[in-house]
Structure formats: C-alpha cells, structure tokens
Amino acid sequence: MKVLIVGSGGREHAIAYCVAKSDKVDKIYCTPGNAGIAEYAECAPIGAMEFEKIVAFAKEKEIDLVIVGMDDPLVGGLVDELEAAGIRAFGPRKNAAILEGSKAFSKDLMKKYNIPTAAYENFTDPDKALAYLETAKFPIVLKADGLALGKGVLICNNLEEAKEGVQTIMLDKKFGSAGNEMVIEEFMTGREVSVLSFVDGNTIKTMTSAQDHKRAGDGDTGLNTGGMGTFSPSPFYTKEVEEFCKNHIFQATVDAMKAEGRPFKGVIFFGLMLTEDGPKVLEYNARFGDPEAQVVLPRMKNDIIEVLEACIDGTLDQVDLQFEDNAAVCVVLASEGYPVKYDKGLPIRGLDEFKKQEGYYCFHAGTKFDGDQIVTNGGRVLGITAKGKDLKEARAHAYAATEWVQFDNKFMRHDIGKAIDEA
Ligand code: AMP
Ligand code: GLY
C-alpha cells in the first residue's frame, strides 16, 4: 500500500521509520517532510495546513492511508477533508481533536465526567479573570485555550505576575486567537508522565510510558520548549499508578468523548501529574508526543499499519499491543538560542554513523537538504535516540551518540533522564 505522512518533525520521522518496517507498505510519501524522512519517503513541499493541496496530492498518488502527525492540521479538520474525498486517514476528526484544540473544552469534559484534574475556571472576559485572581491562591496557572505551540501556559507566583499573564494572553493576544478564552487552574506539584494511547472510538490501548523535559536548560531552568529530550519507560509510572489511571482516566476519557457525540479515533496523549492526591490530567493531546514518539515507537513490536488500521476500523480490541522489555532515551540536539532566536542553514556532519549501529536512531526534527548537504532548519534539529537494556544504559548510549554529530551552535541538555537515578 501507499502511505502519506503529514508533518515535518522528529515525531513524523519516528512514524516513517515504523511505517517503513511494515511489510504492507510499498511506498511512503511525506508532506512536507525533512532531510531525514527523505531516507524512507518521497517528500513533497506542501505545508501541513494546505488542506486542498494535500487532498489533491493524496488523490493523485492514490494514497491508501494518510497519517496526520501534527496538532494544527488535526484541530483544523484535515482528517474530515480527507475522508470527505474518500481517502482513509488516521487521526481524530475535527470534533474530536478539540480534546487538544480547546483547553476549556477538555477541562469541562473532565469535570463533567469526574476525570481527575486540577480545579479551574474558564474565562472569556479579561475583567472577570482579573477579579477572580484577586482572591486566588498562588502560584496559579494561566492557560490560553487554543493551540500555542506548547507555550500558552504561564505559571504565576503572585497577583502581579498573574495580572501580567491575563494581559499577555487575553489582551495583547501573544498567542493569537488561542487567547480568546483562558483557563485559570490550581497549581499542582509532582512528577510528570506522558502516556500515549491508541483509540478506536471505543477501545483504548496504552503504549509504554515516557517523560519529556520541557525546559531549555539543565536542571529544568530556562524557557519552555517543544521538548529537549525524553526517556521511556518512566520508572514513576508504577503498576499502582497505571491501575488508577485505567480505572479513572483512560477509558473514562474515551467514553466521555463518545457520550458527547465526538468519538475519538487516533492517538490520545495523556499528560499526567502524579500528585500527592493521586494522578491527575495536566493536558490532553490528540496525537503522538514529540519527542515522546521518538522513544516510544522504536520500542513498539507491532506492525504500526495494523494498529493504525484497527483504530480506523474499530477493531483495536483484537490487537495485542506489545513493547520491548528495554528502555530508550532521546537527547534533542538544538541550535544555541532555541526557543527564541537561532541560526539556520548550518551544515551537519556525522549522520552516517547511525546507519552502522543497531539500536541507535537519529530522528530529524529540523533539517533540510542544501544541494547534497544536510543543514539545520529549525530550533530543534535532531533527536538522538538510543535503546539499552535499562534506562541507565540507554542514556549512556544516547549521550555517546550525541558526540557523533557535529554542527555549529550545537546545543543540548546534559541531564535528560537524570531523574531515573532517584527512582
Ligand atoms: P500543558 O501544555 O498543559 O501540559 O502545560 C505545560 C506544562 O506546564 C506542563 O507540562 C507542566 O509542567 C506545567 N503545568 C501545566 N499545568 C499545570 C498545573 N496545573 N500545575 C503545575 N504545573 C502545570
Ligand atoms: N512533548 C510534548 C508534546 O508533544 O506536546
């Protein structure tokens, strides 16, 4: 079969790696893709939000399955448009992708169906938000309702900061229309765990757990980023935690979406915080996490196409989802200055080493070809991933492999997976 992947990051590269392993697949396309994905796929320069062009491309190439990796096109309804044109697509429809697309929606859903999450209020009127803050407890968390590249969350330590936050999100519209509505929620503390899952509208099968490192600098300092590295599994996601989440969060979310007339088919990413009062949902995403996908997918034993088709066909209950009994760590190589300002177009050397070594992966996040040379083309450039028998070995392998690759202004965190030493 012919498969089209929509997206251009490390997540889509990890998806492409799995799709390329499937016996069912003869040809892979990617829009727009990147220089790493080009190893497996024919890349076409069509943006992920150019729906008409994507539909036309899928028709022209007689694509059997489109996999939409990114949040923006999912929330914008790309899956609906593909389906309307008779093209099979993996990912939630627009009315289900709202689970990620609107934080106000997801908070109301959790409240209505008793799914554990931080206490909150939604606001569309900045004056009412400001009045609410006058009597609030600090720290407190402000969240722009819509998609904001993972940057629409502000943790405010006092009233002053919170007032500035309302100004930033709702009045200055720093995150655009994402700030038309805002969630104000209770500040929680605890370890964070990401659990990705496959969902077919009724059945949910969770993948192995992972943890992301969102801040730019060592020791969780600096600005929030799209993610500077991940490890999988999380030693903090114990059997007990898993049991609680199975009973109160995972199936409850799928059932809630169905009950609302918004059946969810695709990947639900549960961003969880393990608080003293038990696990609570920080956020939902409607797609694979990035860089979580880079440590989760290489450990998956199943043929990815079989799993994705089961989600579309509603037969996920018949899939025995299995992961390797090992560990993986991903260290992101970024460009100095990320996430604010950084150079692009810098030549990358040493990439061939990954072709020689089993269990090592170099997932491209922001790269492109400049003639025959692969150059940097984004803040996050590469996700260097390695497996090991346990997390410590995987981490040692991943950091060793970061040395194989060279480009000017190469920047990384040195403490990805350090928390596992405390487990
Ligand atoms: P989100 O996009 O909702 O996952 O938020 C991004 C990050 O902000 C999370 O990964 C947490 O580190 C932090 N965060 C979000 N909500 C809360 C909360 N209620 N309490 C504490 N930290 C939070
Ligand atoms: N790594 C977090 C995300 O994909 O949103």
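Residues numbered from 1 in each chain as written. Chains lettered and ligands numbered in written order. Predicted model: local features only at pLDDT ≥ 70, side-chain atom pairs only at ≥ 80, totals over all residues. Heavy atoms only, no water.

1. Details of the side chain of S22
Working step 1: Checked against the element boundaries, S22 lands in the loop between helix 1 (10-21) and strand 2 (27-32).
Working step 2: Here S22 falls in the buried class, since its relative accessible area comes to 5%.
Working step 3: At 3.1 Å, the side chain of S22 and the backbone nitrogen of K24 are in polar contact.
Working step 4: At a separation of 2.9 Å, a polar atom in the side chain of S22 contacts the side chain of D303.
Working step 5: S22 has contacts with D303 and I305, leaving out every residue within four places of it along the chain. (Helix = DSSP H or I, 4+ residues; strand = E, 2+ residues; numbered from the N terminus. Buried < 20%, exposed > 50% of the residue type's maximum accessible area, 1.4 Å probe, protein only. Polar contact = N/O pair within 3.5 Å; in protein donor to acceptor, adjacent residues only side chain to side chain. Contact = heavy atoms within 4.5 Å.)

2. Quick notes on the site of ligand 1
Working step 1: With respect to spatial proximity, 13 residues lie near ligand 1, and among them E185, E186, M188, E192 and E283 are the closest.
Working step 2: The contact in question runs from a nitrogen atom of ligand 1 to an N or O atom on the backbone of M188, over 2.8 Å.
Working step 3: At a separation of 2.4 Å, an oxygen atom of ligand 1 approaches a polar side-chain atom of E192.
Working step 4: Only strand 7 (140-144), strand 8 (153-156), strand 9 (182-186) and strand 17 (278-285) provide two or more residues apiece to the shell around ligand 1.
Working step 5: Residue composition of the shell around ligand 1, grouped by class: 6 nonpolar, no polar and 7 charged. (Near = heavy atom within 4 Å. Nonpolar A, V, L, I, M, F, W, Y, C, P; charged D, E, K, R; others polar.)

3. Some details on helix 2 (residues 51-60)
Working step 1: For helix 2, the set of buried residues is F51, I54, V55, F57 and A58. For helix 2, the arc enclosing every buried residue in end-on projection is 160°, short of the 170-degree limit, so these residues lie on one face. Turned more than 90 degrees away from the buried face of helix 2, the exposed residues are E52, K59 and E60.
Working step 2: Residues of helix 2 that are buried make contact with strand 1 (2-7), strand 2, strand 4 (65-68), helix 3 (71-76) and helix 4 (78-84).
Working step 3: Positioned one or two residues after helix 2, E62 has a phi angle of 55°, which is positive. (Arc of directions from axis to C-beta.)

4. What to know about the sheet that holds strand 10 (residues 191-200)
Working step 1: Read from one edge to the other, the open sheet built from 4 strands follows the order 11-10-16-17, with strand pairing classed as antiparallel. What marks the edges here is a single partner per strand, and that holds for strand 11 (204-206) and strand 17. Averaged over all adjacent pairs, the angle separating strand axes in this sheet is 35°, with direction ignored.
Working step 2: Both strand 16 (residues 265-275) and strand 17 contribute to a ladder of 7 bridges, which runs antiparallel. (Pairing = 2+ DSSP bridges. Axes fitted to C-alpha atoms, helices over the stretch in contact; angles between N-to-C directions.)

5. Here we look at the pattern of salt bridges
Working step 1: In total, this model carries 25 salt bridges according to the counting rule given.
Working step 2: Among the ionic pairs, K107 bridges to E185, the shortest N-O distance being 2.6 Å. Pair noted here: K107 is in helix 6 (residues 103-112) and E185 is in strand 9, with a separation of 78 residues, a long-range link. Across the pair, E185 and K107 agree in class, each one buried.
Working step 3: E242 serves as the salt-bridge partner of K246, at 3.7 Å between the closest nitrogen and oxygen. One end of the pair is K246 and the other is E242, both in helix 9 (residues 239-259) and 4 residues apart, which spans about a single turn.
Working step 4: Exposure remark for K246: the relative accessible area of 45% places this residue in the partly exposed category.
Working step 5: If you follow the salt bridges from partner to partner, you end up with D71, E100 and R287 in one network. (Salt bridge = Lys/Arg side-chain N within 4 Å of Asp/Glu carboxyl O.)

6. Observations concerning the environment of P279
Working step 1: Along the polypeptide, P279 turns up in strand 17.
Working step 2: Overall, P279 belongs to the buried group, its relative accessible area being 8%.
Working step 3: With 30 residues separating them along the chain, P279 and I249 place their C-alpha atoms 8.9 Å apart.

7. Considering helix 5 (residues 94-101)
Working step 1: Looking only at helix 5, the buried set comprises A96, A97, L99, E100 and G101.
Working step 2: Residues of helix 5 that are buried sit in contact with helix 3, helix 6, helix 9, strand 16 and strand 17.

8. Some points on unusual backbone geometry
Working step 1: Cis peptide bonds are those with omega within 30 degrees of zero, and the linkage from S232 to P233 qualifies with 0°.
Working step 2: Of note, P233 is situated in the loop between strand 15 (229-232) and helix 9.
Working step 3: Geometrically, the link from Y338 to P339 is a cis peptide bond, its omega value of 10° lying close to zero.
Working step 4: Inspection of the secondary structure assignment puts P339 in the loop between strand 18 (327-335) and helix 12 (353-356).

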